[in-house]
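# Remarks on the overall topology
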Amino acid sequence: MARMPRPRKPFTQREVTRHGVTVWYFRRGKGPRIRLPGPYGSEEFNAAYEAAMAGAPVEKKSTAPRTSLRWLVDRYTESGRFSRLAPETQKFRQRILLKVCETGGAMNFHHITKADIQQGKVRREATPFAAQNYVKVMKALFQFALDSAWIDENPATNVKGRAPETDGFHTWTLEEVIQYQNTHPVGTQARLALDLLLYTGLRRADAVIVGRQHIKDGKLILRTSKNKTEVVLPILPPLAASISATKTGDLALLCTSRGKPWVKESFGAWFAEQCAAANVPGRAHGLRKAGATFAAENGATEIQLAAMYGWKNPRMAERYTRRANRSRLAEQASNALFPNLETGAGNSAEKPMKSKAEN
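Cut-offs used in this document
Residues numbered from 1 in each chain as written. Predicted model: local features only at pLDDT ≥ 70, side-chain atom pairs only at ≥ 80, totals over all residues. Heavy atoms only, no water. Helix = DSSP H or I, 4+ residues; strand = E, 2+ residues; numbered from the N terminus. Buried < 20%, exposed > 50% of the residue type's maximum accessible area, 1.4 Å probe, protein only. Polar contact = N/O pair within 3.5 Å; in protein donor to acceptor, adjacent residues only side chain to side chain. Contact = heavy atoms within 4.5 Å. Core = buried A, V, L, I, M, F, W, Y, C linked by side-chain atoms within 4.5 Å. Pairing = 2+ DSSP bridges. Axes fitted to C-alpha atoms, helices over the stretch in contact; angles between N-to-C directions. Salt bridge = Lys/Arg side-chain N within 4 Å of Asp/Glu carboxyl O. Parallel < 35°, antiparallel > 145°, perpendicular 65-115°, else oblique. Left-handed = near helix turned anticlockwise from the far one by under 90°. Nonpolar A, V, L, I, M, F, W, Y, C, P; charged D, E, K, R; others polar.

This part is about the side chain of Thr-12. Inspection of the secondary structure puts Thr-12 in strand 1 (residues 12-16). According to the relative accessible area criterion, Thr-12 is buried, its value standing at 9%. At 2.6 Å, the side chain of Thr-12 and the backbone oxygen of Lys-9 are in polar contact. Ignoring sequence-local partners within four residues, the contact set of Thr-12 consists of Trp-24, Tyr-25, Leu-36, Phe-45 and Tyr-49.

Structure follows, in structure tokens:
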């Protein structure tokens, strides 16, 4: 089931220019028409909207030179291409581009080279994923400039941005899951949160909006907020029992003490408190990783994992199946090195391995 669109703020009007740029205006009744700067929902937009609602003057956005990197960033964040991104992705990219403009906003974007992008990546290498995300966003920014015929080539195209593989968020162990379950019994919101995250593999942003309206014929049907992929998941018995035993909200299963749906960030902080109460180090995203790990270790294929977790990038599923296959192969090698007594082959303690020279 598709996610409901966000309600539009009162007195706002949306227009798309002939260049495909989305712009917003504020107009109350027959009052003046006021241009609201920035992408819809951004801090800049919200500040201007609040000023217009209060009858205060709205500061006009300063116009950067048409050759500057800041001008290009402004055009990109106002574009239809940017507006089609998920809200969370928009905020994420805006934060990165804001940092870029703080140091290099005055640069002539026509003269930015691969070496400049590479240097920006190197400056961020202390935090590998920040370096990777920087390169990814710069590639998107300059691809927009290339498609708009403002430059002849994308300087970020051949910059390798992939971060080295790390464990990232702590992946829950089975023992930690059991410890959490012993602390938070079935029927509590804390237990429902774990069951929903673990048995569906949903991200926080999707878990907090899941309601009974998304459940039909024993299946959970939801279009994910990050990449708009529809996932259809069976409601597994432990999750079904948890939903049945817990007092839930009207439109969302997970709710605050006031019965209201959670905001993703607030939910993450609350869930961290529940983890601390259970004395486990895991957090919400670590449960998603744990579920993928458990499924891969039990034989789930890459295609099956991608379908469940809504991954479009096959490398995400490969990471878990490769790790599970490595574990199985290591176990098989160990058994070959130290055969099981039940096979009748004996073991290395009774029959030491012989070298070729001894045979």
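Still to come is the rest of the account.
On to the nonpolar core, then. The biggest cluster of nonpolar side chains holds 34 residues, and the ones touching the most others in it are Trp-172, Tyr-180, Phe-267, Phe-271 and Leu-287. Contributing elements (two or more residues each) for this core: helix 7 (174-183), helix 8 (189-200), strand 5 (219-223), strand 6 (230-234), helix 10 (237-245), helix 11 (264-277) and helix 12 (284-297). Top element by residues in this core is helix 8. It accounts for seven residues. Ignoring anything within four residues of it in the chain, the contact list for Tyr-180 reads Trp-172, Ala-190, Arg-191, Leu-194, Phe-271, Gln-274, Cys-275, Ala-278 and Val-280.

Of the two faces of strand 6, only the one carrying Val-231 and Leu-233 is buried; Glu-230, Val-232 and Pro-234 on the other face are not. One ladder, built from five bridges, connects strand 5 with strand 6; its direction is antiparallel. Counted as the bridge partner of Lys-219 is Pro-234 from strand 6.

Below, the discussion takes up the sheet that holds strand 1. Spatially, the three strands line up as an open sheet ordered 1-2-3, and their pairing is antiparallel. Edge strands, defined here as strands with exactly one partner in the open sheet, are strand 1 and strand 3 (34-36). Averaged over all neighbouring strand pairs, the angle between strand axes comes to 35 degrees, with direction disregarded.

Under the criterion given, the structure shown has six salt bridges. Its salt-bridge partner being Arg-33, residue Glu-15 comes within 2.0 Å of it at the nearest N-O pair. Of the two residues, Glu-15 is situated in strand 1 and Arg-33 in the loop between strand 2 (22-26) and strand 3; the sequence distance between them amounts to 18 residues. A relative accessible area of 39% means that Arg-33 is categorised as partly exposed.

With that out of the way, let us pick up the sheet that holds strand 4 (residues 215-216). Judged by pairing direction, the sheet is antiparallel, and its three strands sit side by side in the order 4-5-6 without closing on themselves. Strand pairing shows two members of the sheet lacking a second neighbour, strand 4 and strand 6, which therefore form its edges. Inspection of the sheet shows strand 4 paired to strand 5 by two bridges, in the antiparallel sense. Bridge pairing links Lys-216 to Lys-219 in strand 5.

With that settled, the discussion passes to the packing of helix 8 against helix 10. Working note: a packed helix pair is described by the angle between its axes plus the distance between those axes. Packing of helix 8 against helix 10 brings their axes to within 9 Å, and their N-to-C directions diverge by 150 degrees. Here helix 10 runs roughly antiparallel to helix 8, going by the angle between their axes. Seen along the crossing, helix 8 lies across helix 10 with a hand that is left-handed. On the side of helix 8, the interface is formed by Arg-191, Leu-192, Asp-195, Leu-196, Tyr-199 and Thr-200, while helix 10 contributes Pro-238, Leu-239, Ser-242 and Ile-243. Per-class residue counts for the contact of helix 8 with helix 10 are six nonpolar, two polar and two charged.

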